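# Descriptive analysis of the structure
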Amino acid sequence: MEEIKENQTDNKAFTEECHKVLMAVSDALYAIGGKWKLMIIIAMARGNKRFTEIQRQVTGISARVLSSELKELEMNGFIIKKVENGYPVTIEYELLPYSHTLEEVVGAMTKWGMQHREKIKSEQSSGKLKNDKKPNN
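Description of the structure in this document. This is a predicted model, so every value here is computed, not measured. (Residues numbered from 1 in each chain as written. Predicted model: local features only at pLDDT ≥ 70, side-chain atom pairs only at ≥ 80, totals over all residues. Heavy atoms only, no water.)

A contiguous nonpolar surface patch, about 260 Å² in accessible area, is contributed by V21, V25 and L29. Looking at the secondary structure, you find L29 in helix α1 (residues 2–32). Residue classification places L29 among the exposed residues on the basis of a relative accessible area of 55%. (Patch = residues over 30% accessible without salt bridge, like charges linked within 9 Å, V, L, I, M, F, W, Y side chains within 5 Å. Areas by Shrake-Rupley, 256 points an atom, 1.4 Å probe, with all protein chains shown as cover. Salt bridge = Lys/Arg side-chain N within 4 Å of Asp/Glu carboxyl O. Helix = DSSP H or I, 4+ residues; strand = E, 2+ residues; numbered from the N terminus. Buried < 20%, exposed > 50% of the residue type's maximum accessible area, 1.4 Å probe, protein only.)

Turning to the pairing of strand β1 (residues 79–84), a few remarks are in order. Relative to strand β2 (residues 90–95), β1 runs antiparallel, the two sharing 6 bridges. The residue of β2 that forms the bridge with K82 is E92. Remark: 5 residues form the turn of the hairpin made by β1 and β2, two consecutive strands paired antiparallel. (Pairing = 2+ DSSP bridges.)

With that out of the way, let us pick up the pattern of salt bridges. The tally for this structure, following the rule as stated, stands at 4 salt bridges. E72 serves as the salt-bridge partner of K37, at 2.8 Å between the closest nitrogen and oxygen. Remark: E72 occurs in helix α4 (residues 63–75) and K37 occurs in helix α2 (residues 37–45); sequence separation between them is 35 residues. Between K82 and E94 there is a salt bridge, and its shortest N-O distance comes to 2.9 Å. With a gap of 12 residues between them, K82 in strand β1 and E94 in strand β2 connect regions that are remote in the sequence. Shared partners join several salt bridges into a network, and the residues in it are K37, E69 and E72.

Purely spatial values, then, with no claim about function.
What follows is the structure, given as structure tokens:
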């Protein structure tokens with residue numbers, strides 16, 4: 001009987017830890033998830049501050065989606081929108097210091113992405129992949 005109680009306690013701790021991990025990942029994906037957010041942050045970190053500059057660098061993003069993503073990044077404290085009144089009105093986006101907390105994440109994703117691309121290319125060239133899906137070049 002004691003063994004069952006101990007097992008239930010272990011399972012509860014495991015379940016609570018699993019829940020904490022899942023919630024943390026869910027929070028991260030909410031803030032930076034999707035196809036575009038990290039790409040926008042990376043483009044901005046490379047000096048692109050104006051809407052059209054960002055759109056030019058982040059290939060394939062529409063103006064409507066970029067506008068929406070910029071609003072979400074601003075809401076989550078990664079960027080700030082600066083409006084300079086004058087003629088013409090100038091709007092620039094600036095990374096906030098909080099965005100630098102993503103450097104390790106972006107670095108790890110970059111390393112893994114390069115490694116994954118090489119794996120897929122290697123498997124394709126050796127005929128290990130059964131389907132014809134290729135990574136984007």
